[in-house]
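What follows is each chain in one-letter form.
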Amino acid sequence: MALFALAGAHPVLAQSEVPQGETTPAPATAPAASPVLNPDLRSGIVRVVVTGQEWNWKTPWAKEPPWTRPATGLVVPGRRILCASTSFGNHLLVEVQKLGEDARTPGRVTLNDPEGPLALIEVDEPGFWEDLEPLPLADPVPRDGELSVLSWQASGLLDSYPGTVRQVRAGRHGLSRTHLLTLDVATGADGLGSSEVVVADGSVVGLITGRTGNAWSAIASPVLSHFVEEAASGEWRGFPRGGFGWQNLTNPALRESLGLTENESGVRLVRVLPHGTAATALRVGDVILEVAGVPIDSTGHYEHPLYGRMLFALLFSDGRDPGDTVDVRILRDGERLKVAVPLRQIRAEADKIPPYMYGHGPDYSVVGGLIFQELTVPYLSTFGDWHRRGPPRLLIAYDRQGDMPSPERPRIVLLSSVLPDAANLGYEGVSDVIVERVNGRTIGSMDDLREAFAHPEGRFHIVEFLPGMAPERLVLDVEEAKESAERIRTAYGVDRLDSEAR
Amino acid sequence: MNAVTARGVVTLTMVLAAMTLGPGETEASEGAGGNGISASVVHVQVYRSRFDWSMPWRQQAVQGVLGSGFLIGDGRIVTNAHVVADARQILVRRPDQANPRIATVEAVAHDCDLAVLRVDDRGFADGLRPLALGELPRTGSQVLTYGFPLGGQDVSSTAGIVSRVEMRGYVHSGADAHLVVQTDAAINPGNSGGPVVQDGRVVGVAFQGFPGFDNMGFFIPIPVVRHFLEDLEDGTYDGFPDSGIETSPLLSPAYRRERGLPDGRSGVVVNRVVPGATAEGIVEPGDVLLEVDGHTIADDGTVAIGDARVTFATHFDDRQVGEQVRLKVWRDRRELELAATAVRIPRYDRLRNRYDVGPKYVVHAGLVFVPLDAEVLKMFGRNWAQTANRDLVWHQLFREAERPEEADREVIVLLRVLRHPVNSQMTFNGPVAVEAINGLPIRSLEDVVEAFNSGEGRFDEIAFEGDAGIEALDREKARAAHEEILQQYAITRDRKL
């Protein structure tokens, strides 16, 4: 079908400058800030000023305008500063500032795990640490009651806003896919999400990362303690994650048909990521009855001894490290089995469609004016509200976690757009098509693509796309493509036609 | 089937919302039939009842629709398909008479938005001159439109020029493209089905416009009208043939060289030929399509029609189903003359808006199953390709190209769950594709019925596509509850197959 009412289905839409999910704090204009801050707290809190710059994924050789954002840092043992790094993005410069002082001191991000997201900052200037004391981190966190949210005013003053605990739950923060212990805070303060410190009874209970519904969500202090302690002991191994999708078994007929007894409950796996924890011992169709000795209910919750009903994904990450083993009781093909599941973290780069990319730009290559790059969430984010606006075939690829077009290929490579030139005459409008083969070679990564373009079939490069994605096949003249390089560099300001070029 | 439906285009019937328009209210004089064009233009008033795809056992409330039509002889009246779609009562009135007459649909073509009506009253057309059909008008020439914009008693006519001729989506079907002519003559709601006239002959049928663009109306030009009328001559409407050739322009000099196409030759490169197509087994991927029925195809895929250039698909439109189409291709560096028998691809009906025929469905113990089609996806809104269940979107838009061996497969969707204690705790997060029931792969509604009848264990097991997992019903309880659910939800028939 050439056809369809998809006239507007591959539009070039307004671009979002901020990576999806990143929280950009709005100016704090909230009411009723209390100027009274317990002086003991002041010694444990610093202002962190982060300057960074994102890549432009539509023109992957170029960067977006730089930004500078404030965040709140928490002094932790070992002369480090802990920050929820939701807004760190691709940071270039991190500076720290003590309360009431104008001077900024350079800091170094020595660890940043976007699966928190949490970062540790070190400051080499010894004088900076004078008068600074780590604040106590609460463990457990309160399930209810009053608390204070500490938020910077534009003027540099620290305000304390009253709030209450809404709930303690398993939540995800920023672009992370790992469920962590989370404290939801109800407060009148606005524009939060930059690692604001939440305090109850003189102890820190969490760092705010963003909004969830009408509450603000904070990474709860037990997670912070665990992160700080593990990081201090040497190698940070990351947050382990289950890596599966599941369905509820609320329907009694379904439970019974699966062979569950009346006293049993659980959820059924419908997807197992090949590189996650679950893949080591679990498979689609398994009913998860218990994790770490804790029974799972038919909606995937369990009773946490301290915090009540919690999503069971937390049992694979909370207080645990990759390499630990968790016992999982399952029902498989009518048999009840206990399997020991070694926990694994899932690095963003291991996903077929990486959810975020930090520290390096897009892996791209421009050949004869055709821009090739891998399909990533940062690229999809250029479509704005991309879950509802992205090109339909790319959304399907994302939702199927890369099952399609083929599970063997580690990445999906796109021809994302074209820089019009004599060498690509006739292909000017091509965009967002999935590359299947170049010069007869199957493409599962940018390296495959580079290798394939190095081996043309005679005088021509032949590029074939996923069937149904116009133009399905295109041809470049090898010599013309070579000759176009200099023109394209000049005409479009592309200094490097390939991100791997030396 | 070819091309793309532009968004924002609307058909030009006038839906009677708060308008009262009592037929026969006024005492217009019953004068002698006029001799001009106007006298043969009729007022068409339709009462329609659309089916409800979200609750496929019921119909929607009656809606009044106003349009226009014109006499072509034998007492036959041409109008738009969208004027009479889902009609339950059609009233046709001569402009010189007060009393409307009941008309029936003799034939309707939803793929090209045309219909022929017949008035039961044999004397209806007495004294009226049937309008003769003309030819495709030239760009820049003057045309007159006739019809009943906003209803009204008398025929209204406006003049304009032919702005351009092109291939464009027909919004009524939502999935077909044929020739259209754009004009700046005022074409407004109510004009639908009225004739567009040049030199005393009909050159088109007014049918759609862009709201907000005053001087941009569209009419169906005469080649499409003739195709429809000729198609009907054997008593049945077969529709337009589908080339089934998926092509790309050959504007790249490098691509032309790679195909070895000599200078001076032009055409488009064939990417795929879809299963069941006119050209299946005849045209091959990699061929350069040079000519259709002797018409040279340019590198951008257009052919010359008069002084206009439109996509070559227009020449497949010229053919009736069953006729021969002559094709010339460039293959292995030489020219090849081919011939194919034009066929229509029935599965493309799934891509079209549906009219006149109600949805097929099966309700079992409150579970509502329907086949996947355009009407199901439209429930997700205008941007369904981005907002609907991704498996459904893949089946509708991408499966034919990616899995041609499954091109004709029907997909059955669990559309709704009508809650009752037997199913109330089933997980249902919106319409989802059904993979199997009781182990039987589901490829039709008949399969659904058979699967529920043939299950043997205590439970009916339903497997869905994608991440929706599985569900189950207690078979005996579900059967026992079936009738009660139908009654509670006011469903008189549990299936339409």
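The structure displayed is predicted, hence computed values, not measured ones.

Right, let's get into the pattern of salt bridges. Pairs can form between side chains of opposite charge whenever their charged atoms are close. Applying the stated criterion to the full structure yields 66 salt bridges over all chains. Residues Arg283 of chain A and Asp333 of chain A are paired through a salt bridge, measuring 3.5 Å at the closest nitrogen-oxygen approach. Placement of Arg283 of chain A in the loop between strand 14 (267–272) and strand 15 (287–291) and of Asp333 of chain A in the loop between strand 19 (325–332) and strand 20 (335–342) is noted, with a sequence separation of 50 residues between them. The class for Asp333 of chain A is exposed, based on a relative accessible area of 70%. Where salt bridges share partners, they join Arg265, Glu291, Lys328, Glu335 and Glu337 of chain B into one cluster.

Our focus in this paragraph is the interface of chain B and chain A. Chain B puts 50 residues into the contact, and the matching count from chain A is 50 residues. When the two sides are added together, the surface that chain B and chain A hide from each other amounts to roughly 4,400 Å², 56% of it contributed by carbon and sulfur. On the surface where chain B and chain A come into contact, there are nine salt bridges. Where chain B meets chain A, there are 21 residue pairs in polar contact (both at pLDDT 80 or more). Elements with a contribution of two residues or more to the side of chain B that touches chain A: strand 15 (245–248), helix 3 (253–259), strand 16 (268–273), helix 6 (384–387), helix 7 (390–402), strand 28 (459–464) and strand 29 (470–474) of chain B. With nine residues, helix 7 of chain B is the largest single contributor of residues to the side of chain B that touches chain A. For the side of chain B that touches chain A, a count of residues per class yields 24 nonpolar, ten polar and 16 charged.

Moving on, we come to the packing of helix 6 (residues 392–399) of chain A against helix 7 of chain B. Viewed as axis vectors pointing N to C, helix 6 of chain A and helix 7 of chain B meet at an angle of 115°, and their least axial separation amounts to 10 Å. When the axes of helix 6 of chain A and helix 7 of chain B are compared, the pair comes out roughly perpendicular. Both helix 6 of chain A and helix 7 of chain B take part in a crossing whose hand is left-handed. Of the residues in helix 7 of chain B, those touching helix 6 of chain A at Pro392, Arg393, Leu395, Ile396 and Asp399 of chain A are Arg390, Val393, Trp394, Phe398 and Glu402 of chain B.

Turning our eyes to something else, we now look at the environment of Val273 of chain B. All names here are of chain B. Tracing the backbone through its elements, the reader meets Val273 in strand 16. Note: C-alpha distance between Val273 and Gly73 (200 residues apart in sequence) is 41 Å. Residue contacts for Val273: discarding those within four places in its chain leaves Gly244, Ala279, Glu280 and Val283.

A separate point is the sheet that holds strand 11 (residues 203–212) of chain A. All names here are of chain A. The strand order 7-8-9-12-11-10 describes a closed barrel built from six strands, whose pairing is antiparallel. Shown here is a sheet whose adjacent strand axes are inclined to one another by a mean of 45°, direction ignored. Sheet analysis places strand 8 (residues 158–171) next to strand 9 (residues 180–187), joined by eight bridges and oriented antiparallel. The residue bridging Gln167 from the neighbouring strand is Asp184, located in strand 9.

Let us look at the domain arrangement of chain A. Domain boundaries assigned for chain A yield domain 1 (12–232), domain 2 (244–342) and domain 3 (350–492). One C-alpha centre belongs to domain 2 of chain A, the other to domain 3 of chain A; they are set 39 Å apart.

A few words on the confidence of the model for chain A. For chain A, the average pLDDT comes to 88, and 91% of its residues sit at 70 or higher. Contacts of residues 1–36 of chain A to residues separated by more than four positions or lying in other chains number 88 contacts, the stretch itself having pLDDT below 50.

Another aspect to go through is the sheet that holds strand 5 (residues 105–113) of chain A. Residue and element names in this part refer to chain A. The strand order around the closed barrel built from six strands is 1-2-3-6-5-4, with neighbouring strands paired in antiparallel fashion. Ignoring strand direction, the axes of neighbouring strands in this sheet form an average angle of 40°. Two strands pair when backbone bridges link them, and strand 2 (residues 67–76) and strand 3 (residues 80–84) are joined in this way by three bridges, in the antiparallel orientation. Opposite Val76, over in strand 3, you have Arg80 as the bridge partner.

Residue and element names in this part refer to chain A. A contiguous patch of negative charge on the surface is contributed by Glu101, Asp102, Glu130 and Asp131. Summarising the element assignment, Glu101 is placed in the loop between strand 4 (91–98) and strand 5. Look at Glu101 and you get partly exposed, because its relative accessible area is 39%.

All chains considered together, the criterion is met by 19 aromatic pairs over all chains. Ring centres of Phe128 of chain A and Trp129 of chain A lie 5.4 Å apart, and the angle between their planes is 85°; on these two criteria the pair is classed as edge-to-face. Just as Phe128 of chain A is buried, Trp129 of chain A falls in that class too. For the cation-ring pair, Lys58 of chain A lies above Phe383 of chain A, with the distance from its terminal atom to the ring centre recorded as 4.0 Å. Sitting over the ring of Trp394 of chain B, Arg400 of chain A keeps its end group 4.9 Å from the ring centre.

The next thing to look at is the side chain of Gln396 of chain B. All names here are of chain B. Along the chain, Gln396 falls in helix 7. Gln396 gets classed as buried once you look at its relative accessible area, which sits at 9%. One polar contact links the side chain of Gln396 to the main-chain carbonyl oxygen of Arg350, over a distance of 3.0 Å. Among residues more than four places away in sequence, those in contact with Gln396 are Arg350, Leu351, Leu372, Asp373, Ala374, Leu377 and Trp384.

Attention now moves to unusual backbone geometry. At the junction of Gly116 of chain A and Pro117 of chain A, the peptide bond is cis and its omega measures out at -5° in the coordinates. Structurally, Pro117 of chain A can be placed in the loop between strand 5 and strand 6 (118–122). Although it is not a glycine, Arg79 of chain A sits at a positive phi angle of roughly 55°. Its identity as a non-glycine residue notwithstanding, Ala365 of chain B has a phi of 50°, on the positive side. As for its position among the elements, Ala365 of chain B is in the loop between strand 23 (361–364) and strand 24 (367–371).

Turning our attention to the pairing of strand 16 of chain B. Residues and elements named next belong to chain B. A large share of strand 16 lies buried, amounting to six of its six residues. Sheet topology places strand 15 next to strand 16; four bridges connect them, and they run antiparallel. By the bridge assignment, Ser248 is partnered in strand 16 with Val269. When strand 16 meets strand 17 (residues 288–292), the two strands line up antiparallel, connected through two bridges. Looking at the pairing, Val269 lines up with Val288 of strand 17.

The rules behind the values
- Residues numbered from 1 in each chain as written.
- Chains lettered and ligands numbered in written order.
- Predicted model: local features only at pLDDT ≥ 70, side-chain atom pairs only at ≥ 80, totals over all residues.
- Heavy atoms only, no water.
- Salt bridge = Lys/Arg side-chain N within 4 Å of Asp/Glu carboxyl O.
- Helix = DSSP H or I, 4+ residues; strand = E, 2+ residues; numbered from the N terminus.
- Buried < 20%, exposed > 50% of the residue type's maximum accessible area, 1.4 Å probe, protein only.
- Contact = heavy atoms within 4.5 Å.
- Buried area = accessible area lost by both parts, 1.4 Å probe.
- Polar contact = N/O pair within 3.5 Å; in protein donor to acceptor, adjacent residues only side chain to side chain.
- Nonpolar A, V, L, I, M, F, W, Y, C, P; charged D, E, K, R; others polar.
- Axes fitted to C-alpha atoms, helices over the stretch in contact; angles between N-to-C directions.
- Parallel < 35°, antiparallel > 145°, perpendicular 65-115°, else oblique.
- Left-handed = near helix turned anticlockwise from the far one by under 90°.
- Pairing = 2+ DSSP bridges.
- Domains from an automatic or database assignment.
- pLDDT = per-residue confidence, 0-100.
- Patch = residues over 30% accessible without salt bridge, like charges linked within 9 Å, V, L, I, M, F, W, Y side chains within 5 Å.
- Areas by Shrake-Rupley, 256 points an atom, 1.4 Å probe, with all protein chains shown as cover.
- Lys, Arg positive; Asp, Glu negative; His and termini not counted.
- Charge placed at Lys NZ, Arg CZ, Asp CG, Glu CD.
- Phe/Tyr/Trp six-rings, centres within 6.5 Å; stacked < 30°, edge-to-face > 60°.
- Lys NZ or Arg CZ within 6 Å of the ring centre and 35° of its normal.

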